[in-house]
Structures are given as C-alpha cells and as structure tokens.
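Below are the chains, spelled out letter by letter.
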Amino acid sequence: VRVAESGGGWVQAGGSLRLSCAASGQPLGRSAVGWFRSAPGKEREFVAAIRWSGGEPVYTDTVKGRFLISRENAKSTVFLQMNSLEPEDTATYYCALDLVANPRTLSNWRSYTTWGQGTQVTVSS
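Heads up: these notes are all about the structure in this document.

Conventions adopted
Residues numbered from 1 in each chain as written. Predicted model: local features only at pLDDT ≥ 70, side-chain atom pairs only at ≥ 80, totals over all residues. Heavy atoms only, no water. Pairing = 2+ DSSP bridges. Helix = DSSP H or I, 4+ residues; strand = E, 2+ residues; numbered from the N terminus. Axes fitted to C-alpha atoms, helices over the stretch in contact; angles between N-to-C directions. Salt bridge = Lys/Arg side-chain N within 4 Å of Asp/Glu carboxyl O. Buried < 20%, exposed > 50% of the residue type's maximum accessible area, 1.4 Å probe, protein only.

Regarding the sheet that holds strand 1 (residues 2–6)
In step 1: Spatial strand order, 1-3-8-7: 4 strands in an open sheet with antiparallel pairing. The sheet is open, and its two borders are formed by strand 1 and strand 7 (67–72), each paired with just one other strand. Ignoring which end each strand starts from, the neighbouring axes of this sheet average 15° apart.
In step 2: In terms of strand pairing, strand 1 meets strand 3 (residues 17–24) through 5 bridges, oriented antiparallel. What sits directly across from Ala4, in strand 3, is Ala22.

Below is the structure:
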C-alpha cells in the first residue's frame, strides 16, 4: 500500500489550501489516514485523522475550526482543507496510513506504518 500527497504551495496568511492524500495498493478497510506536519526545529506534529469506516475525525487543538479532513472512499483519497492559514502552519505536511485505526492512538505517529513523501505548505505574513 502507498500514499501520496499533493496540493501544497504558497499562500498569504488568511488564505486557504487543500491537500490530497491518495492511497493505493490494497483495500483500506478499517484503516485510518492521518496528517502530520514537520517544521524546521520542531517535532513532528499531529494535525488530523479520519477513519475509512466512519466515526468522528480527530484534530489537534491548534487547527480546530480552521482545518477540515474528509474522505472520498470511491477514490481512496483523503482531503485536508486548510482555511485561515497562519504563518505558524508553515511546514511539510505528510499523510500516513494506520492499518489498525485504534481511536485512542490516531494522534500518535508511531501508529502509522506507511508515509508519503510530504508536500510543502508555506504561509507568508
């Protein structure tokens, strides 16, 4: 199974971007897709996650109300709609696949076994 991100770019503060994560290689079943981000000098940070089987998405507090994660099962694609972007959102964004999708560990990067190459998001002030 593989995942690949797309949709990053440059935007001014207050703008929006939509990231896509396309999964391929096997049925996704009960897995979950998570978004993480990494900025220079900072630890990898959980952003949001969603399970293919349903249930409420999970967000980190700093993006609640601004970001929206959704999925399109027919295309095996997960989207991250990012609104009201701030310079602090600047990072490389990664999507990853969690084959177990335990709701208690969706925010833990160690739960994810397959990672994409990342897409850069730059927000200027």
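Having seen the structure, we can now continue with the description.
Some thoughts on the pattern of salt bridges
In step 1: All chains considered together, the criterion is met by 6 salt bridges.
In step 2: Note that Asp61 is salt-bridged to Lys64, the shortest N-O span being 3.1 Å.
In step 3: Take Asp61: its relative accessible area is 61%, and that puts it in the exposed class.
In step 4: The partner of Arg66 in a salt bridge is Glu86, with the nearest N and O atoms 4.0 Å apart. Separated by 20 residues along the polypeptide, Arg66 in the loop between strand 6 (58–59) and strand 7 and Glu86 in the loop between strand 8 (77–82) and strand 9 (91–98) bring together distant segments of the chain.
In step 5: One salt-bridge network, held together by shared partners, links Arg37, Glu45, Arg66, Glu86 and Asp89.

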